[in-house]
Amino acid sequence: MSPVTTEHCGDIAIVTVDNPPVNALSQAVRAGLVSAVEQANAEPKIKAVILICSGRTFIAGADIREFNRPPEPPHLPDVIAAIEASTKLFIAAIHGTALGGGLEVALGCHHRIARPDASVGFPEVNLGLIPGATGTQRLPRVAGVQVALDMMVSGRPVRADKAKISGVIDEVAEEGELVDAATAYARKLIDGGVAPRRVRDLTVDPVEPGIFDDFRKKIAKKTHGLVAPEQIIRCVERSLSVPFDEAVAQERKSFLACRESEQSAALRHVFFAERSVGKVPDLKKGIQERKTETMAVIGAGTMGAGIAYSGLAAGMQVVLLDNDEAGLGRGQATIRALFEGGVARGRVTEKGMADGLARLKTTQHYPDIADVDLVIEAVFENMAIKKEVFSRLDEVVRPGAILATNTSTLDIDQIAGATRRPKDVVGLHFFSPAHVMRLIEIVRGSETSQDVVATALSFSKRLRKMGVVVGNCFGFVGNRMLYSYGRESQLLLLEGAAPEQIDAALTNFGMAMGPHAVGDLAGLDVGYKVRSERTDLPDDPRFYRIANVLSEMGRFGQKTGKGMYLYEDGSRAPVSDPEVQELINNEAKTLGIKQRSIDENEIVERCIYGLIVEGARIIEEGIVYRSSDIDLVWINGYGFPRFRGGPMFYADRLGVDKVYAKVCDFSERFSPLYWEPPKLLQELAEQGGRFSEL
Ligand code: 3H9
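Residues numbered from 1 in each chain as written. Predicted model: local features only at pLDDT ≥ 70, side-chain atom pairs only at ≥ 80, totals over all residues. Heavy atoms only, no water.

## Some details on the domain arrangement of the chain
Taken domain by domain, the chain comprises domain 1 (4-259), domain 2 (294-470) and domain 3 (478-693). Taking the mean C-alpha position of each, domain 1 and domain 2 sit 44 Å from one another. (Domains from an automatic or database assignment.)

In structure tokens, the structure reads:
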């Protein structure tokens, strides 16, 4: 049966799209729409057609899954042209979200009415695409150039009221059934003798000279390295001077080029990865989750305060516990400052801040947190201290509460072992700054119960974060892989690459920051302490040599004004330090390493392939459910470029066989100590497989 059906109500036809879950424009929907138009045109008694959707939303866009196949007719621009050319009045009735191709269909209709809670937008840019079915030419015609640029380059949808003001929609429906409001609207148009109003026939309002260049400057930093935003701008520029059909042909060409691009393939991969990350294969369906209304955070340092703030911002009751009174005061001040920052940026209202702060309690006494639903421990990264905290929690906190640790590296099972309820213990590894970073690694211990994992996933969502369920091993997914990445960035120093050269190579690749700038930001002492507690490090004097020497000199990074780089007072901008280069050269000499000139390509390959090799081991050991979970950890926690899809997807696109060959080459050139290829990498390479297919 076609997903598009037509029903007649007197002289009005109601065409309904029913293609769950989001009414995407699959080939069957496109074909159904064409035949609905033909039927309406052939039916003399029909004067108007209402295009409406079943389920939770209006058409949410093209069917993204079809983008991996050659386009099949009827093509969307032709479907929209048929709707627009219809002699019958076409009215789009919008609920939920009209997105991408969905909004293009609505703009092909002659009129648009939307529920007050609906929104409309062009999110194509988030998929490395441009609106490719006349959207770039229609939006400037109804809403002007500035609105068109803002909506299409940001990808952010706008609510119905705003969309009406800018001319994207014509009417906001009153409360009640949308179909009734749309029918009443259609009746008004029919009775008023209103003829079809075709957007293609409108002209774009003239603009101030320089508007496009100003816009380019405004977005330059945010869109650095992305292809689609510039393509959108060029299409909108054409809407002012090039005839509609010609501009649409150019838009289509540009859309198809984007669709075939590596960037779009990567961004589409991320889109689906984000939708599968919450699906944990072995969790029983319909599992009863635990309550998470009240939360205690142990440790009022920067991390603890950030976690507490996230809970308060999500409407929870939060108790902050620290045995140091002054520390507690500082934590409270940090939380207040975070709220004030939110108010200043317009993200939190004054009332929201007052409510949030009223829900915060502080204490130095464990019995005060006895009744909470969830505890998150955020004390020093030291096993003995963590065990002590967990045995206290075990004594005082009510049965059934979830006991979580924010450890970034330590063994969850050992921590759980300090309690008599290991089933209730889970890792919730937040990233710093906790109020900003979206990622939470949900670390499943060997005894963590299913309902605790399910609750941790919902809790992450409630905090508007992305929970990725991972297994228990040193450093879990993110920090374990960081070790290999960091190791290579350190070895490269000894071999002759300068810190700024390494950082530039990786930011050119798309990393948000270079590894040495990140080290200085996080504090070189932090990694130093973790390494000094590990007993399983390789017996290699080169391993993190420069970071160790700098830490021992008290050069911890930004917080001490110098680390790998120098920092002028109050500035976070790294400045090269000739003393550090001299130190690196001396260390290389001491170790008998002959320095050489190293090119950008080798820097990127050594660091990124280091990640891929460790990622392959993580998959092999079953620490993640799917390779795309690793991609999300690195994109959301470590600044890996989204437009490259994450390290494992990047490996797939390069070709796993090519990566394997290079790893074998590195193993020969630099020693198998770090470059022994994992079995999984070898197998996939031999079978022509991909990580994403596992
Ligand atoms: C485009 O339109 C190009 C045109 O300009 C030109 C063409 C020529 N296709 O997000 P959810 C699936 S580009 C296929 O969890 P929510 C999704 O994978 C497109 N599938 O729901 C998931 O599947 P599963 C422009 C799609 O309520 C299920 O639906 N449009 C599509 O949180 C539920 O998704 C966009 O970029 C799709 N287009 O949010 C809009 N969309 O259950 C993309 C969703 O198997 N979509 N699915 O995991 C969204 O932003 C959100 O899905 C939406 C609903 C806001 C609609």
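## Topic: helix H15 (residues 383-396)
Helix length check: H15, at 14 residues, gives a terminal C-alpha distance of 20 Å against a target of 20 Å (1.5 Å per residue), a fit within 8%. Buried residues belonging to H15 abut strand E10 (294-298), strand E13 (374-377), strand E14 (402-405), helix H16 (412-416), strand E15 (425-430) and helix H21 (524-533). Backbone nitrogen of Ala-384 and a side-chain oxygen of the N-cap are separated by 2.9 Å at the start of H15; the cap is Asn-382. (Helix = DSSP H or I, 4+ residues; strand = E, 2+ residues; numbered from the N terminus. Expected span 1.5 Å × (residues − 1). Contact = heavy atoms within 4.5 Å. Polar contact = N/O pair within 3.5 Å; in protein donor to acceptor, adjacent residues only side chain to side chain.)

## Observations regarding the sheet that holds strand E8 (residues 158-159)
Ordered in space as E5-E7-E8, the 3 strands form an open sheet in which the pairing is mixed. A strand with exactly one partner marks an edge of an open sheet, and here the two such strands are strand E5 (97-99) and E8. In this sheet, E8 lies alongside strand E7 (residues 119-121) in antiparallel orientation, the contact comprising 2 bridges. Bridge pairing links Ser-119 to Arg-159 in E8. The strands touched by helix H3 (residues 101-108) are E5 and E7; relative to E5, the strand with the most contacts, the crossing angle is about 90 degrees. (Pairing = 2+ DSSP bridges. Axes fitted to C-alpha atoms, helices over the stretch in contact; angles between N-to-C directions.)

## Side note on unusual backbone geometry
Of note, the bond from Pro-20 into Pro-21 is cis; its omega dihedral lies within 30 degrees of zero at 5 degrees. Along the polypeptide, Pro-21 turns up in the loop between strand E2 (12-17) and helix H1 (27-42). A cis geometry characterises the amide bond from Ser-432 onward to Pro-433, with omega recorded as -10 degrees. In this structure, Pro-433 sits in the loop between E15 and strand E16 (439-444). Here the phi dihedral of Phe-476 falls at roughly 55 degrees; this positive angle occurs in a residue that is not glycine. Within the secondary structure, Phe-476 is located in the loop between strand E17 (466-471) and helix H18 (478-495).

## Some points on the site of the ligand
Around the ligand there are 27 residues in total, and Arg-56, Glu-104, Glu-124, Arg-275 and Lys-279 lie nearest to it. Within the contact set of the ligand, an oxygen atom lies 2.8 Å away from a backbone nitrogen or oxygen of Gly-101. Separating an oxygen atom of the ligand from a side-chain N or O atom of Lys-279 is a distance of 2.6 Å. For the ligand, the accessible surface in isolation is 1,000 Å², of which the surrounding protein chains cover 76%. Listed by contribution, the elements that provide at least two residues to the shell around the ligand are E5, H3, helix H10 (244-260) and helix H11 (262-276). A per-element tally of the shell around the ligand places H11 first, with 3 residues. (Near = heavy atom within 4 Å. Areas by Shrake-Rupley, 256 points an atom, 1.4 Å probe, with all protein chains shown as cover.)

## Here's the deal with a positive patch on the surface
On the surface, Arg-156, Lys-162, Lys-222, Arg-345 and Arg-347 cluster together into a patch of positive charge. Checked against the element boundaries, Arg-345 lands in the loop between helix H13 (325-344) and helix H14 (350-358). (Patch = residues over 30% accessible without salt bridge, like charges linked within 9 Å, V, L, I, M, F, W, Y side chains within 5 Å. Salt bridge = Lys/Arg side-chain N within 4 Å of Asp/Glu carboxyl O. Lys, Arg positive; Asp, Glu negative; His and termini not counted. Charge placed at Lys NZ, Arg CZ, Asp CG, Glu CD.)

## Let's talk about the pattern of salt bridges
Counted according to the given criterion, the structure contains 53 salt bridges. Between Asp-324 and Arg-330 there is a salt bridge, with the nearest N and O atoms lying 4.0 Å from each other. Look at Asp-324 and you get partly exposed, because its relative accessible area is 36%. With a closest N to O distance of 3.0 Å, Asp-525 and Lys-559 form a salt bridge. Highlighted residues: Asp-525 in helix H21 and Lys-559 in the loop between helix H22 (545-552) and helix H23 (578-590), separated in sequence by 34 residues. It is possible to trace a salt-bridge network through shared partners that takes in Arg-487, Glu-488, Glu-495, Arg-596, Glu-602, Arg-606, Asp-665 and Arg-669. (Buried < 20%, exposed > 50% of the residue type's maximum accessible area, 1.4 Å probe, protein only.)

## Points about the nonpolar core
What tends to happen in soluble globular proteins is that the nonpolar side chains get buried as a cluster. Ranked by size, the top nonpolar core spans 99 residues in total, and within it Ile-369, Leu-393, Ile-608 and Phe-691 carry the most contacts. Per element, the largest residue contribution to this core is 11 residues, and it comes from helix H24 (residues 600-620). Both domains that meet at this core, namely domain 2 (294-470) and domain 3 (478-693), each give it at least three residues. Beyond its immediate stretch of four places on either side in the chain, Ile-369 contacts Ala-296, Ile-298, Val-319, Leu-321, Thr-363, Leu-393 and Val-397. Counting 67 residues, the second-largest nonpolar core is a separate cluster that includes Val-37, Phe-90, Leu-103 and Ile-219. (Core = buried A, V, L, I, M, F, W, Y, C linked by side-chain atoms within 4.5 Å.)

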